[in-house]
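So the chains spell out like this:
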Amino acid sequence: MDLDGAESKSLFAQVQFYIVQTVDLRGDSARELAKLLEDNGAEEITRKAIADPIPLQDITHIISTTTDFPEYGAANDALKSVVKPDWVKASIAKGRLANPRQYSPDPRLFFSGLVVCCVDLPSGDSDAIIGGVLAMGGLYSSSLSKMVTHIVALTMDSDKCKTAISRNVKCKFVLPHWFDDCLKLGKRIDEAPYCLPDPEILRKRPEDRIPEAGRQDMLGASSPKPDRLPTPSSSPSANRRQLTVFRGKKVMLSRDLELGSHLLGTIEDLILNGGGMVTGSVYKADIFICHYRESLDYRIASRAGKDVGNLAWLYYLITHNAWTSPLRRLLHYPVARQGLPGFSIFRISLSNYNGEARVYLENLAKAAGGEFTKTMKEDNTHLITAHMVSEKCDAAKEWNIHMVNHLWLEESYAKWQIQTVSDPRYNHFPTRTNLGEVVGQTPIDKQAVEKMFFPLGSDVDPSAESDDVPRPMSVKPPNATSSRSTNAMNPHPSRSAGSQEVPFRALQSDGHTPKASKENRRHTEGNAVRTPASSRFIGQGKENETPSTTGSRSAKDKAVAKLHDLAPDIALFQKERKRVGGVTHGGRKSSEDLVPEVNRKRSVSKDEDTDTGADEETRATKRAKKSKGLAPPSMRLALSGYKGWVSAAKKEGEERARLRAMGILIVPDVASCTHLASPHILRTQKFICALAHAPIILSTDFVNDCLSQNKRLEPENYLLQDTESEKRMGYKLSDSLVRAKSNKGQLLRGYSIYCTELIHGGFETYKSIAEVNGGKCLMYRARAGFTATLRAGLDEEGDDSEASSPGYVYLISGTTPEEAKLWPKFRQMIDGLGKNPLVVRHDWIVDLALSQKHQWRDSYNLTEKDITLTA
C-alpha cells in the first residue's frame, strides 16, 4: 500500500503546470484541479503579476479548455504541452501520463474528447472510423466502459448496446455516417440527425425542410467595422472596475479608423479604465488597431509579432472582457482595401443561412472583394448554401451556377487565394445538417497573410535617415491622398497617413489638434529605432543611384518571387505566340472569341488529352454570355479522343461557336463537365479522370450529328456503347458510372500510393488519377532522408490507409532496370514502418479508376521476373 501511495504521489512528479483561467475553468474548479495535481506530485507555476506573460521557461504543461490565449503560439514553438482538464483525470485513471495530443484543445482536432466504441460493423468500416477518430484527437475503446462517449452501430439490437442501456452508460448511439460527414467537411457537426434508434437521416426525405442553425457566438464578429460601441454592460459607467482585459497593455489606434473625437475619447476611457495605456508609437504598443492591411505601422506591428486587429476585435474584447486572438475570427483582422485578387468578378448569393451567420458571410464576401446580391439571377457566379433544399438551389442547378458551402468562401479569404470549387469539401452537404452550425470556425492563415502583406523586410522605414534619428513629427492634411490610392497587395506601399509617428488624437477632421479631456491620454513615447535611408552624400550626375540598403535586397527578392508566380502565364504567352493565329498573328476570328481556350493542345496523338483549369472555363462562359446575348449553356461537354479538329484550328473555332449557339459549351475541365464525348472507352487521362465525376458519357457521333444537322439533338440517343471494350476489360461502363456516383470521388481515400519518376505516361498522369479519386500520390526516388518523409506522410494519413487498403502501401512502377533498382529499398522501408509493401503495374490504378471498384489481380504484382532487360 505504501508503494502504491508513493507511486500515486509521484505520478506528476515531473510536471510543472499553469492553469489558464477561462469561462469554463476558473474559481473553485481551477483550485480543485490544481490541488488534484499537487496531491499527485505536480508543481503549480503562477505569474508574478496579472499583466506578465505565462512563464513558459518554467513549465511543462498548460491546462486550458481553449487555445485562445496570447501565449499559445509561443507555447507550441517551445514544445510545451497544452491539454484540457480531462488529461489530468485520464492520467490518474490509467496510472500513467496520458498522451497530450488526445486531450489537446486545438479546434483542428475536432474529435478531441470522444471515446468511441464500434459495435457489429464490418472490419473495414470499423478500422476507418477508428483511424479517423485517432487522427482527429479522439480515443478508441474496444470494450464498453463508463469512459465511452459514442457507440457506433447500425442498429440497437447488439448485445453491447443493450448492455450500455442496462448499465445506464451516458453515451450516444450514432450511425457511422456521422464520422464520414465530419471527416469530409473537416468540422464536427451535430450528431443528433445520426442518433439511434430513430436516426433522422434515414427517416426524413432529402427534400424535407431542414431546421435553421443559429450561432450566438457570431455576435460581434460578423462585421469588420461595427456601427456602435459595445453594450452598456461593459461601458465604463456600468463596468468600470471589472474591465481587466487591457491591464498592462499599450494600445495604438490607427488613423485609418476615421473616428470622431467624442467616440475616440470614449474608447480611450475604456482602455484606460481597463488598466491599459494609449500610445502613439507602434514600437511601444502591444496592441495595434487598424482597418486596412496597408500602412507601414501595420507591417511593423505584424513583423514584430504584436496583436493586430480591427475595431470589431477591440469592441469584442471590451464586450466580453476576455482576451481572444484577432486571428481566430476572419472579420476581427484588418481587411485589404482592394480585396482578394480575382475575386471582384464573382457575384455571390446566399441561401439557407440566417441571423448573424448570414450577416457574417455577406460582409465576408464584400471584404474579399466580391459582389453580394440578395436575389440570385443568371449572371450570379456562386451560390453559397448551408444545404441543398431551397428554390435558389434548384435555380442554381438549372442555370449552372457553382454551388458551394461557406467553407469555400472562408478558406479563400483565410488563405488569401481563391480555392477551387471542385474540392469535395466545398461540395459536401450532409443530408439533414444545416452547415450554418459550423460557420465562423475558420481562422486567419497567418503564414499566407504574412507572405502577401508583411513579408520579410517590408517593415523598413524609407523616411528615416539613421538608426538614432526618429521619424519627423510632420502631419499631412486630412485631404491627402497618399494612402487612398495605395494597393493593398503591394507589400511596399508609400508612406500612408496611418503610419505617421504621432499620437492618433493629434489630427482630427478639421486639421486642428483637439484639446485633451484628460492629461493621462497624452503619452509621449521615446524615440524609435529606424532603418537608415540611402546616403544623402550623392555626387553630381547620380540622380538614379541605387540605394544600398536592405530594402533593395527585399525588393529584388520580391521581384524574383513575383516573376516565379508569373512563370506559367509567361510560358503560355510564348506558346501562343508560336501558334498560327496567335497573339502575334492577328488573334482569332470573332466567332472563336465566343469560347476561347488558351491552354488547349492543337494536336492530339494516341488519344491523349490535356486538361486546363476551371477558371478558364469560367472566363469562357462569361465571354459567351456577353456575346450576342446567348443564354447560359444547358450542356457542358468535354471531349476525349475526338479527331474532328486535329490540325484544324479555324474549323475548331467555328464549330465550337456553332455548338455554343446550340447551348453546348465545350469545356476543357472534366471536373465541371456534365457530359463526356468519346469514340469508345479509352485509357486516356481525361477519360479516366472524368469517370470519377460520373458524367453522362456519349459517343462522339453526337457532336458530328449536331454539327451536320445544325441543331441540338437528344443526348440520350447517343449514349456510348462499347461492348467489345467492356468484354475485354471485364466490366460495364454503366456499372462504373453507378459506382462513381456512390463513391463521390473518394474511391482511393486513405490509400498510400507512390510512383516512380520514370513511370510510362509520366508521374503527373497517375497523380491526377489518384487525386480525382480522393487519394494522394507522391513521387518515390529512394534518396537519403526519404524514409523520414515517408514516415511523416503515413503518420499524417493515420490509420485510414489500414482501413481502406488493409495496411498496404503501393508503388506504381514500370519494368525497366532503373525502376527495378528501387523495389528492394521501397520494400525494406515499408516493412520497417510496419506496413505491407506492394509494387504494382500502372494497370492497377487505371483498372481501379475505370471500374470504380477495388479489385486485385495477381498480374498487377511486379516481381524481379518482370524486369524488362532492354530499356
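Per an unreviewed UniProt entry, the recorded name for the protein is BRCT domain-containing protein, and the organism is Letharia lupina.

A. Region of interest: the sheet that holds strand E10 (residues 277-278). Ordered in space as E10-E9-E11-E12, the 4 strands form an open sheet in which the pairing is parallel. Of all strands in the sheet, those with a lone pairing partner are E10 and strand E12 (307-309), marking the two edges.

B. Fine view of the side chain of Thr373. Mapped onto the elements, Thr373 comes out in the loop between strand E14 (371-372) and strand E15 (382-385). In this structure Thr373 comes out as buried when scored by relative accessible area, which is 9%. When residues no more than four places from it in sequence are discounted, the contact partners of Thr373 are Arg347, Ile348, Ser349 and Asn380.

C. Quick look at the pattern of salt bridges. Taken as a whole and assessed by the stated rule, the structure comprises 25 salt bridges. In this structure, Arg347 engages Glu371 in a salt bridge whose closest nitrogen and oxygen atoms are separated by 2.5 Å. Residue Arg347 is found in strand E13 (residues 347-351), and its partner Glu371 is found in strand E14; the two are separated by 24 residues along the sequence. The partner of Glu652 in a salt bridge is Arg656, and the shortest N-O contact between them spans 2.9 Å. On the criterion of helical spacing, the pair formed by Glu652 and Arg656 is a turn pair, its members being 4 residues apart in helix H19 (residues 649-661). Residue classification places Glu652 among the buried positions, given a relative accessible area of 4%. Within this structure, Arg683, Asp843, Asp847 and Arg857 form a network of salt bridges that share partners.

D. Representation of the packing of aromatic side chains in the model. Scanning the model with the defined rule gives 22 aromatic pairs in all. Ring centres of Phe12 and Trp87 lie 5.6 Å apart, and the angle between their planes is 45 degrees; on these two criteria the pair is classed as tilted. Taken together, the residues span a long stretch of sequence, with Phe12 in the loop between helix H1 (2-9) and strand E1 (16-19) and Trp87 in helix H4 (residues 86-94) at a distance of 75 residues. Here Phe12 matches Trp87 in class, with each residue buried.

E. Quick look at the pairing of E15. On E15, burial covers both faces: His382 and Ile384 on one face and Leu383 and Thr385 on the other are all buried. Across 4 bridges, E13 lies against E15 in parallel orientation. Bridge pairing in E15 places Ser349 opposite Leu383. As paired strands, E15 and strand E16 (residues 402-404) are joined by 3 bridges and run parallel to one another. Following the sheet pairing, His382 is matched in E16 by His402. Read as a crossover between parallel neighbours, the route from E15 over helix H14 (residues 391-399) to E16 is right-handed.

F. Main features of unusual backbone geometry. A cis amide bond links Leu196 with the next residue in sequence, Pro197, at an omega value of 10 degrees. Locating Pro197 in the fold gives a position in the loop between helix H7 (177-185) and helix H8 (200-203). Even without being a glycine, Asn168 presents a positive backbone phi close to 60 degrees. With respect to the secondary-structure elements, Asn168 resides in the loop between helix H6 (159-166) and strand E8 (172-174). Overall, the relative accessible area of 60% leaves Asn168 in the exposed class. Positioned with a positive phi, Ser647 is a non-glycine residue whose angle comes to about 60 degrees. Within the fold, Ser647 resides in the loop between strand E17 (635-639) and H19.

How each quantity is defined
Starting afresh in each chain, residues are numbered from 1 along the sequence in its written order. Under the rules for a predicted model, residues below a pLDDT of 70 receive no local features and side-chain atom pairs below 80 are neither given nor counted, while totals for whole chains, interfaces and linings still include all residues. In computing side-chain properties, one takes all heavy atoms of the structure into account and sets aside hydrogens as well as water. Paired strands are those between which DSSP finds at least two bridges. Put simply, DSSP H or I for four residues or longer makes a helix, DSSP E for two residues or longer makes a strand, and each gets a number counted from the N terminus. The rule is simple: take the accessible area with a 1.4 Å probe, protein chains only, and divide by the maximum for that residue type; under 20% is buried, over 50% is exposed, in between is partly exposed. Here a residue-residue contact requires only that any non-hydrogen atoms of the pair lie within 4.5 Å. By salt bridge we mean one thing: a side-chain nitrogen of Lys or Arg within 4 Å of a carboxyl oxygen of Asp or Glu. In summary, the pairing rule links any two rings of Phe, Tyr or Trp, Trp by its six-membered ring, whose centres are within 6.5 Å, and it sorts them by plane angle into stacked for under 30 degrees, edge-to-face for over 60 and tilted for everything else. Look down the strands so they point away from you; if going from the first strand over the helix to the second traces a clockwise path, that crossover is right-handed.

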